[in-house]
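Commentary on secondary and tertiary structure
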Amino acid sequence: MSKKAAPPAPAYPPLPPIRQWLPVVVAAWLAPGAGHFLLKRRYRAAFLAGSVLLIFLLGLMMRGYLFEPMSGDLLTTIIYTGGFIGNMATGVLYFMTKWFGYNQPDVAGHTVDYGTKFLVAAGLFNILAIVDAFEIATGRKD
Amino acid sequence: MPKMTLSHFETTLVFALLASVVLAVVTKRTDRDRLRYGLKSFGYFMLTVFGLSWLMYLGHR
């Protein structure tokens, strides 16, 4: 009778309880860098918060356009909904900007266009920070 | 909120710098690796910018 081979070790450890990582993920979304700060990675938190904040403020100063979800043809839906998700990913920066009445039209011009891209890039940077905070909180990364 | 106008090059420079910082922080595990990756990433961004700029310049002559 042959022995059964041991099952291979999982590539990732099992997901810990949701209360261990969800507050970190929510904090990381709402305030860029806050997830790392909660996990006591203060230098990384400072670099991430500084980068997201700086590119977002530059986007505002360049009078970038904040996307609204819009439907129509496929390309319009992808660009405007994707842009909206990118803007929303900056958390409280986006909500405060809207709350203070920022409402720039989507006009032609390279400065405004770069500003629009910077505002979305801030959200994409924060998504990377959220994923990193999640991995640290679940023990998949130091 | 003051208004700001940056040139194409300045905008690219700022984006490359901040993207390199974020990518280095989230992808590497030690500070030494982060520093090396950040500098390398920024260097590649700049190399691409100058390469494509020359390509466009020569293509439009």
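Further up the page is the structure itself.
Residues numbered from 1 in each chain as written. Chains lettered and ligands numbered in written order. Predicted model: local features only at pLDDT ≥ 70, side-chain atom pairs only at ≥ 80, totals over all residues.

The subject of this paragraph is the overall build of chain B. Helix and strand counts for chain B come out as two helices and zero strands. Here chain B has a C-alpha radius of gyration of 15 Å; the compact-globule value for 61 residues is 10 Å, and the former is much larger. Structurally, chain B occupies a C-alpha span of about 45 × 35 × 10 Å along its principal axes. Within chain B, the fraction of its 61 residues that count as buried is 18%. (Helix = DSSP H or I, 4+ residues; strand = E, 2+ residues; numbered from the N terminus. Rg over C-alpha atoms; globule rule 2.2 N^0.38 Å. Buried ≥ 20, exposed ≤ 12 C-beta atoms within 10 Å, placed from the backbone.)

This part takes up the nonpolar core. Ranked by internal contacts, the top residues of the largest apolar core, which has 41 residues, are A28, I55, F118 and A122 of chain A together with V22 of chain B. If one sorts the elements of this core by residue count, helix 6 (residues 110-137) of chain A sits on top with 12 residues. When residues no more than four places from it in sequence are discounted, the contact partners of F118 of chain A are I55, L58, G59, M62 and G64 of chain A. (Core = buried A, V, L, I, M, F, W, Y, C linked by C-beta atoms within 7 Å. Contact = placed C-beta atoms within 7 Å.)

A few words on the environment of L128 of chain A. Residue and element names in this part refer to chain A. Inspection of the secondary structure puts L128 in helix 6. Look at L128 and you get partly exposed, because 19 C-beta atoms sit within 10 Å. Separated by 80 residues in sequence, L128 and L48 place their C-alpha atoms 9.5 Å apart.

All right, on to unusual backbone geometry then. Residues and elements named next belong to chain A. Within the chain, K40 stands out as a residue other than glycine whose phi angle is a positive 65 degrees. Mapped onto the elements of the fold, K40 is located in the loop between helix 2 (34-38) and helix 3 (42-61). On the basis of neighbour counts, which here come to 9 C-beta atoms within 10 Å, the residue K40 falls in the exposed class. Located in the positive-phi region is R63, a residue other than glycine, with phi close to 60 degrees. One can find R63 in the loop between helix 3 and helix 4 (74-88). Residue class for R63 comes out buried when judged on the 20 C-beta atoms lying within 10 Å of it.

Next up on the list: the packing of helix 3 of chain A against helix 1 (residues 8-27) of chain B. With their axes 10 Å apart at the nearest point, helix 3 of chain A and helix 1 of chain B run at an angle of 150 degrees to one another. In terms of their interaxial angle, helix 3 of chain A and helix 1 of chain B are classed as roughly antiparallel. Crossing hand, helix 3 of chain A versus helix 1 of chain B: left-handed. Across the interface between the two elements, R44, F47, L48, S51, L54, I55 and L58 of chain A from helix 3 of chain A touch V14, L18, V21, V22 and V25 of chain B from helix 1 of chain B. Here the contact of helix 3 of chain A with helix 1 of chain B is built from residues that sort into 10 nonpolar, one polar and one charged. (Axes fitted to C-alpha atoms, helices over the stretch in contact; angles between N-to-C directions. Parallel < 35°, antiparallel > 145°, perpendicular 65-115°, else oblique. Left-handed = near helix turned anticlockwise from the far one by under 90°. Nonpolar A, V, L, I, M, F, W, Y, C, P; charged D, E, K, R; others polar.)

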